[in-house]
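Chain by chain, the residues:
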Amino acid sequence: MAPVVVVNVVGLTPRLLAHMPNVAKVGAAATLKPVLPAVTCTMQATLLTGAMPRDHGIVANGWYFRDLGEVFLWRQHNRLIQSEQLWDAVPGMRTANVCWWYAMGGSSDFIVTPRPVYFADGKKDQDCYTRPPSLHDDLVAELGEFPLFSYWGANANIASSKWIIAAARRILTRERPDLLMVYVPHLDYDLQRFGPDAPQAVAAAREVDAALAPLLAEDATFVVVSEYGITNASRPVDVNRALRRAGLLEVYTQAGMEYLDPWASRAFAVSDHQIAHLYVRDPADLPRVRDIVAELPGVDEVLGQEGKARYGLDHDRAGDLVAVADPDAWFTYYYWLSDDRAPDFAKLVEIHRKPGYDPAELFMDPEDPFVKLRAGAALARKKLGFRYMMSVVPLDPAPVRGSHGRLPDAVADGPVLLGPFEGESYAATEFKGLLTQLLKG
């Protein structure tokens, strides 16, 4: 039986598929109905488990860990998923995971996932984690180092996706696993930067299609899936600033910089694209927090316990309330009221220290006339082996033109599923069952 290869082309929609002839050959495109929130970690967990967030526990790309008193995004341990996963659905199956999330500690025979190197002197290099460990050196010898400045941030481009696709192809041809799943992130970048209707979005779709052509030509059964579609959005909603002005969110100060104080705050938000989990310490404050957030321009609805249950989001990790943005709006994580009090990481690509998602990382500060010069100087320091600060991210979110997270209002803006399937529409929770049947033959 030929291997089954699942290609996750994040951001792929029926609109963009029209510009991707190689991908379109995989099969007829069915509508895929996402779960709320339609973000990477939640959707991938749903696809892998066939369960709703209330059961698998991945309520967003990150959340407030109540037992630690910390906000963490983009954790990588597989055990955070609380339901049985596709990797273990068929006894004796050999599997390979190339950049699907929650890979570390998973049961796959072959794993490749982004994992920066944090040196003792404070330097950071983009790299990858592999299993078996020897796979790392083999991939670097054949493909070069994992692309440093192309995976995320203002310089994000097709190079990282090409590396990931080449790694997947190498594992497919040499190891022949029964199931190989590969995540291709490139469409995420320009669709958030410029919006899905921009010429850059079409160009990105064509780039991904060309990069996938060699992999799709291999001897395998292919399935292409996407997690969500990105829609036009240009209205940032400063939910944490509203809570701070109301006296509910607190900060502490170090070295003249303000940091979110979740331990002392009566309420704060973990913002994630078009979803914001609102954590409220005292249940007596719930009506007030709901009213404050619901009245903000750009907020569509605020879900309480009944609303969360309706969307299958009623898990202990979820916020006490969950805010959903309007179709053209999204939530910032900003909590400071004056930019001169912002923490230094606010102007960096720093996905692990920010208490919320920051799409402004995809831009260089347009208000700084020396931003490219300073970026070049920082890069030169890095190449010379010195510590450096790539402090180029704007504190104004105005450039952002695309977002996702809420359920799509139109089929053309939602995710798709292509492969040897006969249906015209599937729920994301059906994906695991479809793949299990395919693998069993």
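All residue numbers refer to positions counted from 1 along the written sequence of the respective chain. Local features in a predicted model are, by the rule used here, given only for residues with pLDDT of at least 70; side-chain atom pairs are given and counted only at 80 or more, and totals for whole chains, interfaces and linings are based on all residues. To obtain the side-chain values, all non-hydrogen atoms of the structure were included, while hydrogens and water were left out.

A.B. asks: Any chance you could explain the packing of helix α5 (residues 134-143) against helix α6 (residues 158-175) here in plain terms?
C.D. replies: Helix-helix packing is described using two parameters, namely the angle between the two axes and the distance between the axes. Look at α5 against α6: their axes get within 11 Å of each other, and the N-to-C directions meet at 115 degrees. In terms of crossing hand, the pair formed by α5 and α6 is right-handed. Contact residues: L135, D138, L139, E142 and L143 in α5; W163, A166, A167, R170, I171 and R174 in α6. Ten residues, namely Ala, Val, Leu, Ile, Met, Phe, Trp, Tyr, Cys and Pro, are considered nonpolar, four, namely Asp, Glu, Lys and Arg, are considered charged, and the remaining ones, Gly among them, are considered polar. Along the lines of polarity and charge, the residues of the contact of α5 with α6 split into 7 nonpolar, no polar and 4 charged. To obtain each axis, a line is fitted to C-alpha atoms, and for helices this fit is confined to the stretch in contact; angles are then taken between N-to-C directions over 0 to 180 degrees. To qualify as a helix, a DSSP run of H or I must reach at least 4 residues; to qualify as a strand, a run of E must reach at least 2; elements of each kind are numbered from the N terminus. The sense of a crossing depends on the near helix, which, turned anticlockwise from the far helix by less than a right angle, makes the crossing left-handed and, turned clockwise, makes it right-handed. Should any heavy atoms of two residues lie within 4.5 Å, those residues are considered in contact.

A.B. asks: Explain the packing of aromatic side chains here, please?
C.D. replies: For any pair of aromatic rings, the description consists of the separation of the ring centres together with the inter-plane angle of the planes. Pairing of aromatic side chains here covers Phe, Tyr and the six-membered ring of Trp, requires ring centres within 6.5 Å, and sorts the geometry by plane angle: under 30 degrees stacked, over 60 edge-to-face, intermediate tilted. Scanning the model with the defined rule gives 18 aromatic pairs in all. With centroids separated by 5.0 Å and ring planes inclined at 65 degrees, the aromatic side chains of F146 and W163 adopt a geometry described as edge-to-face. Here W163 lies in helix α6 and F146 lies in the loop between α5 and α6, a separation of 17 residues in the sequence. On the accessibility criterion, W163 (5% relative accessible area) is buried. Here the aromatic rings of Y333 and W336 are separated by 5.6 Å at their centres, their planes lie at 75 degrees, and the arrangement is edge-to-face. There is no split in this pair, since Y333 and W336 are both buried. Each residue in the set Y252, Y259, W263 and F345 is aromatic and connected to the rest through ring pairs, giving one cluster. Residue exposure (1.4 Å probe, protein chains only): buried if accessible area is under 20% of the type maximum, exposed if over 50%, otherwise partly exposed.

A.B. asks: How should I be thinking about the side chain of T46 in this particular structure?
C.D. replies: Among the structural elements, T46 can be located in helix α3 (residues 40-49). Pairs of N or O atoms within 3.5 Å make up the polar contacts considered here, provided that, within protein, one atom can donate a hydrogen while the other can accept it, and that residues adjacent in sequence are counted only when both atoms are side-chain atoms. Here the side chain of T46 touches H56 through a polar contact of 2.9 Å, side chain to side chain. Once residues lying within four places of it in the same chain are set aside, the contact partners of T46 are V35, A51, P53, H56, A428 and T429.

A.B. asks: What am I meant to see in the pattern of salt bridges here?
C.D. replies: Here the idea is simple: oppositely charged side chains can pair when their charged atoms come close. Just to be clear on terms, a salt bridge is a Lys or Arg side-chain nitrogen sitting within 4 Å of an Asp or Glu carboxyl oxygen. Applying the stated criterion to the full structure yields 23 salt bridges. E84 is paired through a salt bridge with K432; the nearest N and O atoms lie 3.3 Å apart. Highlighted residues: E84 in the loop between β4 (70-73) and β5 (95-98) and K432 in helix α13 (residues 431-440), separated in sequence by 348 residues. Between E142 and R170 there is a salt bridge, and its shortest N-O distance comes to 3.6 Å. In this pair, E142 sits in helix α5 while R170 sits in helix α6, placing the two residues 28 residues apart along the sequence.

A.B. asks: What should I look at first to understand the sheet that holds strand β16 (residues 267-272) in this one?
C.D. replies: Remark on secondary structure: sheet strands pair via backbone hydrogen bonds, oriented parallel or antiparallel. Following DSSP output, two strands are said to pair if at least two bridges run between them. Taken in spatial order, the 4 strands of this open sheet run β16-β17-β19-β18, and their pairing is antiparallel. Looking at the sheet topology across the chains shown, the edges are occupied by β16 and β18 (299-303). The mean angle between the axes of side-by-side strands here comes to 20 degrees, regardless of whether they run parallel or antiparallel. Where β18 lies against strand β19 (residues 321-325), 4 bridges are found, and the strand directions are antiparallel. Considered in β19, the bridge of L303 is made with V322. Those strands touched by helix α10 (residues 286-294) are β16, β17 (275-280), β18 and β19, and its axis lies near 165 degrees from that of β18.

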